[in-house]
Amino acid sequence: MFGKRSFIHETAQKPTAPFLAPAPQAGQSIILAPVVAQPAPVIPARPQASVRTEEYYALKSQVFAALIEVIDVAQLGLMDPVQARAEIGVIVNEIIAAKKIVMSITEQEELLRDICNDILGYGPLEPLLARDDIADIMVNGADTVYIEVGGKVQKTDIRFRDNIQLLNICQRIVSQVGRRVDESSPICDARLPDGSRVNVIAPPLAIDGPTLTIRKFKKDKLTLDQLVKFGSITPEGAQILEIIGRVRCNVIVSGGTGSGKTTLLNCLTGYIEPGERIVTCEDAAELQLQQPHVVRLETRPPNLEGEGQITMRDLVKNCLRMRPERIIVGEVRGSEAFDLLQAMNTGHDGSMGTLHANSPREALSRIESMITMGGFSLPSKTIREMIVSSVDVIVQAARLRDGSRRITHITEVLGLEGDVPITQDLFVYDIHGEDAQGNVIGRHHSTGIGRPRFWDRARYFGEEKRLAAALDAAGEAAETAAA
Ligand SMILES: Nc1ncnc2c1ncn2[C@@H]1O[C@H](COP(=O)(O)OP(=O)(O)O)[C@@H](O)[C@H]1O
Ligand SMILES: [Mg+2]
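Here's a quick rundown of the structure. Values in this document were obtained by computation on a predicted structure and should not be read as measured data.

### Quick notes on the packing of aromatic side chains
Evaluated as defined, the whole model comprises three aromatic pairs. Judged by centre distance (4.0 Å) and plane angle (20°), the ring pair of Phe338 and Phe376 falls under stacked. Linking Phe338 in helix α12 (residues 336–345) with Phe376 in the loop between α13 (360–373) and α14 (380–390), this pair joins segments that are 38 residues apart in sequence. Phe338 sits in the buried class, given a relative accessible area of 13%. You can call Phe376 buried: its relative accessible area is 16%. Ring centres 5.2 Å apart and planes at 85° place the aromatic pair Tyr460 and Phe461 in the edge-to-face group.

### Looking at the sheet that holds strand β7 (residues 251–255)
Here we have nine strands laid out as an open sheet, ordered β9-β8-β10-β11-β7-β12-β13-β14-β15, and mixed in their pairing. Two strands lie at the open edges of the sheet, namely β9 (294–298) and β15 (440–446), each paired on one side alone. The sheet shows a mean angle of 25° between the axes of neighbouring strands, taken without regard to direction. Along the sheet, helix α11 (residues 312–319) contacts β8 (278–282), β9 and β10 (326–329); its crossing angle with β8, the most-contacted strand, is approximately 170°.

### Digging into the site of ligand 1
Ser232, Gly258, Lys261, Thr262 and Thr263 are the nearest of the 15 residues found near ligand 1. Ser259 is positioned with one of its backbone polar atoms (N or O) 3.2 Å from an oxygen atom of ligand 1. In this structure, Gly260 approaches ligand 1 through a main-chain N or O atom, which is 3.1 Å from an oxygen atom. Summarising the interface, the protein chains cover 87% of the accessible area of ligand 1, which totals 560 Å² for the free molecule. It is helix α10 (residues 261–269) that contributes the most residues to the shell around ligand 1, three residues altogether.

The rules behind each value
- Residues numbered from 1 in each chain as written.
- Chains lettered and ligands numbered in written order.
- Predicted model: local features only at pLDDT ≥ 70, side-chain atom pairs only at ≥ 80, totals over all residues.
- Heavy atoms only, no water.
- Phe/Tyr/Trp six-rings, centres within 6.5 Å; stacked < 30°, edge-to-face > 60°.
- Helix = DSSP H or I, 4+ residues; strand = E, 2+ residues; numbered from the N terminus.
- Buried < 20%, exposed > 50% of the residue type's maximum accessible area, 1.4 Å probe, protein only.
- Pairing = 2+ DSSP bridges.
- Axes fitted to C-alpha atoms, helices over the stretch in contact; angles between N-to-C directions.
- Contact = heavy atoms within 4.5 Å.
- Near = heavy atom within 4 Å.
- Polar contact = N/O pair within 3.5 Å; in protein donor to acceptor, adjacent residues only side chain to side chain.
- Areas by Shrake-Rupley, 256 points an atom, 1.4 Å probe, with all protein chains shown as cover.

Given below as structure tokens:
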């Protein structure tokens, strides 16, 4: 059998700890398949996953230890996933027979599935990675795994055998992007082959064991129509956003973690004309632009020697030399804010980015502090002038306490009055209360502004009628709702 290693070399190659995956040799891989690209070995989540007992874990490690004595994990990695699974199946059955272990067919299948997940994939994480409804997976040490589904964080009964197995899986994930996680480099960002973003922080920094956070990559990004269906925004509000995207307003999408900023930015980019040259800068490519003329750039963390880092600022600065018509920055976190504003100010109107803030006003002060902390010694008034003359619109996203996500503000930046930036809400969401199930009740409405500041821009693009109609309708819908 291909995956079987001859018994003669057994002692020489015997791994020291049963769950410690042997280090891959040059050109070899212990990872069989990208999780999503090759769905074969990925085991779909079972709705009622049986609770694993201590005996089960003991049995599994016994079979596992016997298994990795007779198979060559590296060789398995070179095989077709289906074939590899079949091979493991044959050997596991042999081991169960040889050790005279009594188990039902179902139990045997379960054991095989878990073992395959351990060897070929990401172990206990596998069923979670296969689920499309999960937004985030949060592992706080071997025994505690939380997931976020439908905006709500819930604890799962998934657990790892121990922290060693967990750290091994973390290691397997980060080694795919050429990185390493251990005591000497305990913090690491990585990405799964399907694009999901991963952060690992290991002991001693993480006190209760390796801590793994995965933001799952959604292949099918939500569209504005879907956001309307979910009640995140009204049809009229969506239309205003669509016009904002099309008429080349400079937009900042603001919101908390997981509030839907990236989703919203992606929606906005959907209305960019197909002919425009767009350059995107991201920490991990998440945006899915539909236009043909897109250049996608990604930052790079320092390598193992601490060298070779390419920051967001490096990318945005470089962008300006690439003749972009629009620059899209996935997440503005630091001094790149300055360069993005400059881009917005110098003919790359229609540029966009997201940032972390809880209100449109806070978004403005965040930009200011990012620039100040970036070491630009400019008077605060100058920075503010630059901000208000660059940013046209702030779209605020929020995750409410019931887990639902809403677009809570479409706000224009008007200018400075003295030293103070002046904003004007066009469209807002008001919270009125909560129903018996704890769902937030509220409503979206326009604020009655008939002529936003980007009116002339809308007219230039032939969108002023649609804009007027959308603003009108948003006001009327609100009045009917209130009546
Ligand atoms: N309006 C929405 N309704 C329901 N789910 C949403 C909505 N917006 C985003 N999501 C989901 O929430 C998760 C986080 O969204 P994302 O845009 O990545 O957030 P952020 O960039 O703010 O951290 C994703 O799984 C996404 O599909
Ligand atoms: Mg994001």
